[in-house]
Amino acid sequence: MDRWREWLGATLVVFAISERTFWAYIRADDLPHELLITMLAYGVIVAGALALRRILAQPHGRSNPQHPILIGALVGWLAEGAIVNTAYGQADNPFPLSIAWTGVAWHALLSWVVGVECVPKWLHQWNSFRLAIFATTFGAGWGFWSTYYPPSVYGTESFIRHTALTSALLIGGWTLLAAGPARPGRFERGTAIAVGLIGLALMLGVWMPMNPFPVLVLLGIILATLAHLFGTRRREPVADVAEPVAEIGPWRFATLALVPISAIAVHLGVRAALPNVETAANIVLYIVLMFAGSFTFFRSWRLAAKTPAEPPYIPAPNAIQ
């Protein structure tokens, strides 16, 4: 049950950030059954990523702190290169920039590193003030991003409803993940291999005929990343026992409500100042996230072989109050 809890929490977070925060509004083609299928597709990718994370932490439960952005990149590349074909270039996002946007800059950096890896730990380790700063910043970025969509097509009411629903998924996922990572099980290797084979079949069978060179390039990058992950896994025995981290009080969870509040506030403020203007928010955040995501990826790649392992992350008993 612990692995199901972690899988559901990570799936909700990744779906909320990778998919719904990116699109920002309830669109005409957002049909319930299609959204469910999309969430399940993310769930398959997340299952493989969590299994890979546990494999890399074995046999002593110690993880390399440089690995999350690399694992997150695999999540992004499977989402954008296997489920859909946006990793192979579009008119407004040509190849090879399409390898980084959105696979590394959005999926890896925001959804996986911040959403799945960091926030559940921050809920234990940070005080309410620091969490409030994060939640306000994250929400403000979300609200600013939404203003680049044409206001004549996507109205404020749609954004508010969508933000409320997406935030419920996001905070629910963070609550599930805050209970701590699940212990490795018997099917980790099988799960990771199965997800990898599904992605390979889609890339070769569906997208290869249309994009042969980009597919081969992305496959090479994926294989190189996997080889680097396994080549830099930490194998030293645990020399220190991780102390349980602090319990989570209600005020820490309450600060997460600042995510939708600040998102809506920034959206309303920009729309009031520029009522009929499509802002350049996409260009601004594209530059910021491309730089941050690419820098973090290459820095972690370089440091992965040099960084000592982290002790296991153990939440306190009954940590969520």
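Residues numbered from 1 in each chain as written. Predicted model: local features only at pLDDT ≥ 70, side-chain atom pairs only at ≥ 80, totals over all residues. Heavy atoms only, no water.

**Details of the overall build of the protein**
Across its full length, the protein holds 12 helices and 0 strands. Ordered by position in the sequence, the α and β elements of the protein form the string α-α-α-α-α-α-α-α-α-α-α-α. In summary, the protein has a C-alpha radius of gyration of 19 Å against a globular reference of 20 Å for 321 residues, a match within 12%. Across its three principal axes, the protein shows a C-alpha extent of roughly 60 × 55 × 35 Å. Looking at the protein as a whole, 49% of its 321 residues qualify as buried. Split by element, the accessible area of the protein, about 14,900 Å² in all, is 70% carbon and sulfur. (Helix = DSSP H or I, 4+ residues; strand = E, 2+ residues; numbered from the N terminus. Rg over C-alpha atoms; globule rule 2.2 N^0.38 Å. Buried < 20%, exposed > 50% of the residue type's maximum accessible area, 1.4 Å probe, protein only. Areas by Shrake-Rupley, 256 points an atom, 1.4 Å probe, with all protein chains shown as cover.)

**So, the packing of helix 6 (residues 128–146) against helix 7 (residues 156–177)**
In contact at an axis separation of 13 Å, helix 6 and helix 7 are set at 145 degrees when each is read in the N-to-C sense. Seen from above, helix 6 lies across helix 7 with right-handed handedness. On helix 7, the residues touching Phe134, Phe138, Trp142, Gly143 and Ser146 of helix 6 are Phe159, Thr163, Thr166, Ser167, Leu170 and Trp174. When grouped by side-chain class, the residues that make up the contact of helix 6 with helix 7 number 6 nonpolar, 5 polar and no charged. (Axes fitted to C-alpha atoms, helices over the stretch in contact; angles between N-to-C directions. Left-handed = near helix turned anticlockwise from the far one by under 90°. Contact = heavy atoms within 4.5 Å. Nonpolar A, V, L, I, M, F, W, Y, C, P; charged D, E, K, R; others polar.)

**Describing unusual backbone geometry**
The phi angle of most residues is negative, glycine excepted, and most peptide bonds adopt the trans form. Geometrically, the link from Phe95 to Pro96 is a cis peptide bond, its omega value of 10 degrees lying close to zero. Position of Pro96 among the secondary structure elements: in the loop between helix 3 (67–83) and helix 4 (97–100). A cis geometry characterises the amide bond from Trp101 onward to Thr102, with omega recorded as 15 degrees. If you check the backbone angles, Ala24 has positive phi at about 70 degrees while not being a glycine.

**Examining the side chain of Glu80**
Considering the arrangement of structural elements, one finds Glu80 in helix 3. The buried charged residue Glu80 lacks any salt bridge partner; its closest oppositely charged side chain belongs to Arg27, at an N-O distance of 11 Å. Within the structure, the side chain of Glu80 is placed 2.6 Å from the side chain of His107, a separation counted as a polar contact. The residues touching Glu80, leaving out its near neighbours within four places in the chain, are Asn85, Thr86, Ala87, Thr102, Gly103 and His107. (Lys, Arg positive; Asp, Glu negative; His and termini not counted. Salt bridge = Lys/Arg side-chain N within 4 Å of Asp/Glu carboxyl O. Polar contact = N/O pair within 3.5 Å; in protein donor to acceptor, adjacent residues only side chain to side chain.)

**Some details on the environment of Trp207**
One can find Trp207 in helix 8 (residues 188–207). Remark: the alpha-carbon pair of Trp207 and Ala105, spanning 102 residues in sequence, is separated by 22 Å. Contacts of Trp207, omitting those with residues within four sequence positions, involve Gly81, Ala82, Ile83, Val84, Asn85, Tyr88, Leu202 and Val215. Only 2.9 Å separates the side chain of Trp207 from the backbone oxygen of Ala82, close enough to count as a polar contact.

**Thoughts on the nonpolar core**
Trp77, Trp112, Leu123, Phe134 and Trp174 are the most contacted members of the largest nonpolar core, which has 78 residues in total. Sorting elements by how many residues they give to this core places helix 5 (residues 103–125) first, with 13 residues. The residues contacting Phe134, other than those within four sequence positions of it, are Val114, Val119, Trp122, Trp126 and Trp174. (Core = buried A, V, L, I, M, F, W, Y, C linked by side-chain atoms within 4.5 Å.)

**A closer look at the pattern of salt bridges**
In the structure shown here, the tally under the stated rule is 9 salt bridges. Its salt-bridge partner being Arg53, residue Glu6 comes within 2.4 Å of it at the nearest N-O pair. In this pair, Glu6 sits in helix 1 (residues 2–23) while Arg53 sits in helix 2 (residues 32–57), placing the two residues 47 residues apart along the sequence. Each of the two residues, Glu6 as well as Arg53, counts as buried. Of the charged contacts in the structure, one is a salt bridge between Glu188 and Arg54, with a shortest N-O distance of 2.9 Å. Note that Glu188 is positioned in helix 8 and Arg54 in helix 2, a separation of 134 residues in sequence. Using a relative accessible area of 9% as the deciding quantity, one classes Arg54 as buried. Several salt bridges share partner residues, and in doing so they unite Glu6, Arg53, Arg54, Glu117 and Glu188 into one network.

Interpretation note: all reported values are geometric properties and have no functional meaning in isolation.
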